[in-house]
Amino acid sequence: LLVKNASRLVINWWGGWHHATPTRASGFCYINDCVLSIKSLKRKFCKILYVDIDIHHGDGVERFFLDDPNVFTLSFHVFSPGFFPGTGQFDHFNFDQCQQHSLNIPFKEGLSDDTFVPVFHKVLSLVMSSFSPDAIVCQCGVDGLSRDPIGCGNLTSKSFTAAVHCVQALKLPVIYLGGGGYNRSDSARVFTQMTAEILKTSGYDVSSISDTDDIPEHEYFNEYGPDFTFETSPGSRRDHNTEKHINEICQAVNSCFVK
């Protein structure tokens, strides 16, 4: 749709399978639709920015485009011993000579809204000012939510709606993809709220969704108990992202972009 000028916005929450490689499946992903989306967009757009906010590093996408100067991969994720896929440390990038274009923002376990949102906004702004893409592919895995059984984050819907709001403010053609999310009801809550935010910032009337916090009655209504609302609350998990750690990340990123 973007290549044919039929739309400037595509949403596919069933996508976002960012771990698969050309030769093998990985991390529940047997085909990498993120890579395929970027390859399709390159038929029309010169420079593509890939943004990944899944709790797991977008290793398959980074590896595929590591030597492509016209694709920049930006991944926000948890990096800690034993946490899948075990890649995505901060020093795994090099874009100084336009040979490799990837940047990893490795958080520690217990990632919270107060930690994620300002870092996302700051880093995305720096990448945009340096790379100036023509289109964006954004992988929005929600396994960083506090009640996700596989992730180790402490995020709520606030982080995800803030992220898509920032991307929408760039006013570029965008493909939004899903990703991880293993608490079914919470994942559905947040994908719905992200859809509303994307449509609202695109000029659509979403008052029927955004003006209420109540889940409407439907076939799977009972899965949203006991409160039956769109709210996703933070848990009691400790945020190991200390002020010192976040400052080190921000300073390192600044040193890369601000010469």
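Residues numbered from 1 in each chain as written. Predicted model: local features only at pLDDT ≥ 70, side-chain atom pairs only at ≥ 80, totals over all residues. Heavy atoms only, no water.

1. What to know about the pairing of strand β2 (residues 48-52)
Okay, step 1: Among the five residues in β2, five count as buried, and that is most of the element.
Okay, step 2: Here β2 shows no split at all, with Ile48, Tyr50 and Asp52 on one side and Leu49 and Val51 on the other all buried.
Okay, step 3: Tracing the backbone out of β2, into helix α2 (residues 59-65) and back to the parallel element strand β3 (residues 71-78) gives a crossover that is right-handed.
Okay, step 4: Bridging between β2 and strand β5 (residues 135-139) involves five bridges; their strand directions are parallel. What sits directly across from Ile48, in β5, is Ala135. (Buried < 20%, exposed > 50% of the residue type's maximum accessible area, 1.4 Å probe, protein only. Helix = DSSP H or I, 4+ residues; strand = E, 2+ residues; numbered from the N terminus. Right-handed = clockwise from strand over helix to strand, strands pointing away. Pairing = 2+ DSSP bridges.)

2. Some details on the layout of surface pockets
Okay, step 1: In this model, the largest pocket occupies a volume close to 470 Å³.
Okay, step 2: Taken together, 22 residues make up the lining of the largest pocket; nearest its centre are Trp17, Gly179, Gly180, Gly181 and Tyr182.
Okay, step 3: Of the residues assigned to the lining of the largest pocket, the class counts are nine nonpolar, 11 polar and two charged.
Okay, step 4: Empty space within the second largest pocket amounts to approximately 230 Å³.
Okay, step 5: What lines the second largest pocket is simply Ser7, Arg8, Leu9, Gln168, Lys171, Leu172, Thr201, Ser202 and Tyr204.
Okay, step 6: In the lining of the second largest pocket, the residues fall into three nonpolar, four polar and two charged. (1 Å grid on protein atoms, 1.4 Å probe; cavity = no way out; pocket = protein on both sides within 12 Å on 5 of 7 lines; lining within 4 Å. Points joined across faces, edges and corners; volume = space filled by probe spheres on them. Nonpolar A, V, L, I, M, F, W, Y, C, P; charged D, E, K, R; others polar.)

3. What to know about the sheet that holds β5
Okay, step 1: In spatial order, the strands read β1-β6-β5-β2-β3-β4; together these six strands make up an open sheet with parallel pairing. The strands lining the two open edges of the sheet, one partner per strand, are β1 (9-12) and β4 (102-107). Direction aside, neighbouring strands of the sheet carry axes that sit 10 degrees apart on average.
Okay, step 2: Two strands pair when backbone bridges link them, and β5 and strand β6 (residues 174-177) are joined in this way by four bridges, in the parallel orientation. When the bridges of β6 are listed, Cys138 appears paired with Tyr176.
Okay, step 3: Running at roughly 170 degrees to β4, helix α7 (residues 243-257) makes contact with β3 and β4 of the sheet. (Axes fitted to C-alpha atoms, helices over the stretch in contact; angles between N-to-C directions. Contact = heavy atoms within 4.5 Å.)

4. Comments concerning unusual backbone geometry
Okay, step 1: Between Phe84 and Pro85 the backbone carries a cis peptide bond, its omega angle lying at 0 degrees.
Okay, step 2: Tracing the chain through its elements places Pro85 in the loop between β3 and β4.
Okay, step 3: Here the amide bond leading from Gly225 into Pro226 is cis, since omega sits at 5 degrees, within 30 degrees of zero.
Okay, step 4: If you trace the backbone, Pro226 turns up in the loop between α6 (207-210) and α7.
Okay, step 5: Phi at Ser132 is positive, roughly 50 degrees, even though this residue is not glycine.
Okay, step 6: Following the sequence through the fold, Ser132 ends up in the loop between α3 (113-131) and β5.
Okay, step 7: Given a relative accessible area of 41%, Ser132 falls into the partly exposed group.

5. A closer look at the packing of aromatic side chains
Okay, step 1: On inspection of all chains with the given rule, the structure shows 12 aromatic pairs.
Okay, step 2: Measuring from centroid to centroid gives 6.0 Å for Phe76 and Phe116, while their planes differ by 75 degrees, and the two rings are edge-to-face. Taken together, the residues Phe76 in strand β3 and Phe116 in helix α3 connect sequence positions 40 residues apart.
Okay, step 3: Under the relative-accessibility criterion, Phe76 is labelled buried at 2%.
Okay, step 4: Exposure remark for Phe116: the relative accessible area of 3% places this residue in the buried category.
Okay, step 5: Look at Phe221 and Phe228: their rings are 4.5 Å apart centre to centre, the planes differ by 15 degrees, and that puts the pair in the stacked class.
Okay, step 6: Its relative accessible area of 26% is what places Phe228 among the partly exposed residues.
Okay, step 7: Of the aromatic side chains, those joined through ring pairs into one cluster are Phe76, Phe107, Phe116 and Phe120.
Okay, step 8: The ring centre of Phe131 lies 4.6 Å from the NZ or CZ of Lys47, which sits over that ring. (Phe/Tyr/Trp six-rings, centres within 6.5 Å; stacked < 30°, edge-to-face > 60°. Lys NZ or Arg CZ within 6 Å of the ring centre and 35° of its normal.)

6. Some points on a nonpolar patch on the surface
Okay, step 1: On the surface, a cluster of nonpolar side chains totalling about 320 Å² of accessible area is made up of Phe28, Ile150 and Tyr182.
Okay, step 2: As for its placement among the helices and strands, Tyr182 is situated in the loop between β6 and α5 (184-201).
Okay, step 3: By relative accessible area, which is 33% here, Tyr182 ends up partly exposed. (Patch = residues over 30% accessible without salt bridge, like charges linked within 9 Å, V, L, I, M, F, W, Y side chains within 5 Å. Areas by Shrake-Rupley, 256 points an atom, 1.4 Å probe, with all protein chains shown as cover. Salt bridge = Lys/Arg side-chain N within 4 Å of Asp/Glu carboxyl O.)

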